[in-house]
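# Coordinate analysis (summary)
Read off the chains here:
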Amino acid sequence: MTSDQKSYRQILKATTIFGGVQVLNILIGIIRSKFIAVLLGPEGMGISGLLTSTTGFISGLTGFGLGTSAVKNVSAANATGNKTRISIVVTVFRRLVWITGLLGMIVTIILSPWLSKITFGNKDYTFAFILISATLLLDQISAGQGVLLRGTHRLKELAKSGMAGSALGLIITIPLYYFLRLKGIVPGIIISSAITLILTWYYSSKVKIEKVYVSKARTVAEGKDMIKMGFMISLSGLISLVVSYLIRIYISNEGGIEQVGLYNAGFAIIGTYVGMVFTAMSTDYYPRLSAVAQDNHQSRELINRQAEVAMLILGPVLSVFMVFINWIIILLYSTKFVATNEMIHWAALGMYFKASSWSVAFILLAKGASNVFFWNELTGNFYILLFNIVGYKLAGLEGLGISFMAAYIVYLLQVFLVTSTKYSFSFSKGFYKVAGIQFTAGLLCFILTRTFTAPLSYITGALLVLMSFFHSFHELDRRIDLRKLLRLRLNGITNPDNDKPI
């Protein structure tokens, strides 16, 4: 097997592994969303979305990115095999988790009247924010247990806790929504966080950590690196949280809470189902890109391979959304949410550009160019916010879909200009070919569904979906001998080339 085949297989393997767990969570999420949509309607989804996005913003400010940065510290300590060193790092990290979690909780309580006023336009939700402040502590501690599991390579346990948490949360919160309706939203959010904490604590307790004494001075010295690195990593995430928060506030003030609910539901649908590609990028692709980041040629090759595979996986999925989105919305939510059809159509087109731009943008982090990455993200989020405000003002929900697509076209041009100038990056002919065919199929589906009515739109659209699927299958088969892999899988051979596990 050639090195190119190994690289493509690694990308595809990572996408399927990290996407597999997400698929199970998606199924649980479908049921949850369906019940919320039917029992609470768009207003309930809007309230829930505003509460969680607000606390998410506060968490981003007070959490200092520990859930990301400390994985490096725990992994490095675990690699030494020195139990004392592992215990010191974990002890310091757990203290920081409690401190930052309590900080987030206290800040939310103090600012609760202001948060209610700025989020909902009144102080009616002050007590709701006071109650929900507990989730900032619960979620931060849960994130800490997750870091321990990731840092010690207990990914199966991490996956189990996540899936079990989603399932139990669903079973417990649905009766709350049924009996309490809108009043069940806050208790439901708190109970879900508590369940997640219990499960992550249970699985992380299986990792034996020796008790050691760590002084305050040692805590500061060890924790300084975690906080500093986490702050830089989380800064870009904070920018996105701010923009997301401001967009929802603007929609709420201009169109009402129901419009926020429709916006949340529409982007949740498309974001969830293409999320496996972006999850694989952040979990597997980023470390591999970092390993070759100093070599511009190798970086360019890996980026192009990742972008190609992303297009081949996303293309058929996005085509399906173009053609059958009306039925998908009714299945996942209810007929009350079909107003998001046009918005999702435009957003699906934008996903082609988002996948391409993300594949390229990771090189900024892999190179350690934190300042360039920060200004790149700040600039991008500025015009994303501007485009969304203008789009909603001019065309309502559909305008938000158009603005999403326009923003990621500009963002792709931006990251391409930056990386081509600084690191001599360029897209390969193979990428242009794959992206061109898949985007053309998606664009034709978009045009047909908005030109023809059923059943003609479904028939012609289904043919285009099949063409997109067969093109993806052919291209993947050419790159990794997909047919051979499938035959071996059917015969029970799961690792034919003795590849090391991810």
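These numbers were taken from a predicted model, which means no experiment stands behind them. Residue numbering note: each chain is counted from 1, following its sequence as written. It should be noted that, the model being predicted, local features are given only for residues of pLDDT at least 70 and side-chain atom pairs only at 80 or more, the latter also being counted only at that level, while totals for whole chains, interfaces and linings use all residues. The basis for every side-chain value is the complete set of heavy atoms in the structure, and neither hydrogens nor water enter the calculation.

A separate point is the nonpolar core. One finds Leu 51, Ile 269 and Leu 289 to be the most contacted residues of the largest nonpolar core, which totals 104 residues. Per the convention used, a helix needs a DSSP run of H or I reaching at least four residues, while a strand needs a run of E reaching at least two, with both numbered from the N terminus. The biggest single contributor to this core is helix α11 (residues 296-332), with 17 residues. Contact definition: two residues touch when any of their heavy atoms are within 4.5 Å. Excluding its chain neighbours within four sequence positions, the residues that come into contact with Ile 269 are Phe 321, Ile 325, Ile 328, Ile 329, Leu 332, Tyr 333 and Ile 344. We call a set of buried Ala, Val, Leu, Ile, Met, Phe, Trp, Tyr and Cys residues a nonpolar core when their side-chain atoms join them within 4.5 Å. Partly exposed residues are those whose accessible area sits between 20% and 50% of the maximum for their type, while under 20% is buried and over 50% is exposed, using a 1.4 Å probe and protein chains only. One finds Ala 70, Val 147, Leu 148 and Val 207 within the second-largest nonpolar core, a separate group that totals 24 residues.

Let us look at a nonpolar patch on the surface. A cluster of nonpolar residues, Trp 98, Leu 102, Ile 106, Ile 110, Leu 111, Trp 114, Ile 118 and Trp 201, forms a patch on the protein surface that exposes about 800 Å² of accessible area. Broken down by element, the residue count for the nonpolar patch peaks at seven residues, all from helix α3 (residues 83-120). Position of Ile 118 relative to the elements: it lies in helix α3. Accessibility expressed as a relative area gives 34% for Ile 118, which makes it partly exposed. Residues with no salt bridge and a relative accessible area higher than 30% make up the patches, which join like charges within 9 Å and nonpolar side chains (Val, Leu, Ile, Met, Phe, Trp, Tyr) within 5 Å. Here the accessible surface of atoms and residues is derived via Shrake-Rupley with a 1.4 Å probe, and residues count as covered only by protein chains that are part of the display. Counted as salt bridges are all cases of a side-chain nitrogen of Lys or Arg within 4 Å of a carboxyl oxygen of Asp or Glu.

Structurally, Ile 269 can be placed in helix α9 (residues 257-273). Remark: the alpha-carbon pair of Ile 269 and Ile 329, spanning 60 residues in sequence, is separated by 8.0 Å.

A pair of packed helices is captured by two measures, namely the crossing angle of their axes and the spacing between those axes. The geometry of helix α12 (residues 341-366) relative to helix α14 (residues 429-451) is characterised by a closest axis approach of 11 Å and an angle of 175° between their N-to-C directions. Our classification of the angle between α12 and α14 gives roughly antiparallel. Contacts between α12 and α14 involve Glu 342, His 345, Trp 346, Leu 349, Tyr 352, Phe 353 and Ser 356 from the first element and Phe 431, Gln 438, Phe 439, Gly 442, Leu 443, Phe 446, Thr 449 and Arg 450 from the second. Amino acid classes used here: Ala, Val, Leu, Ile, Met, Phe, Trp, Tyr, Cys and Pro are nonpolar; Asp, Glu, Lys and Arg are charged; the rest, including Gly, are polar. Of the residues assigned to the contact of α12 with α14, the class counts are eight nonpolar, five polar and two charged. Helix axes use the C-alpha atoms of the stretch in contact, all axes being lines fitted to C-alpha atoms, and the angles between their N-to-C directions lie in the range 0 to 180 degrees. Throughout this description, any angle smaller than 35 degrees is read as roughly parallel, any larger than 145 degrees as roughly antiparallel, any in the 65 to 115 degree range as roughly perpendicular, and the remainder as oblique.

Assignment of secondary structure puts Thr 54 in helix α1 (residues 3-62). Each polar contact in these results corresponds to two N or O atoms within 3.5 Å; when the atoms are within protein, one needs to be able to donate a hydrogen and the other to accept it, and residues that are neighboring in sequence are counted only if both atoms are side-chain atoms. One polar contact links Thr 54 to Thr 119, side chain to side chain, over a distance of 3.5 Å. Leaving out residues up to four positions away in the same chain, Thr 54 has contacts with Leu 115, Thr 119, Phe 129 and Tyr 245.

Okay, the confidence of the model for the protein next. Of all residues in the protein, 87% attain a pLDDT of 70 or more, and the chain-wide mean is 84. Confidence scores labelled pLDDT are given residue by residue by the predictor and lie between 0 and 100. Looking over the protein, one finds the lowest element-wise mean pLDDT in helix α10 (residues 275-291), namely 65, and the highest in helix α4 (residues 126-132), namely 96.

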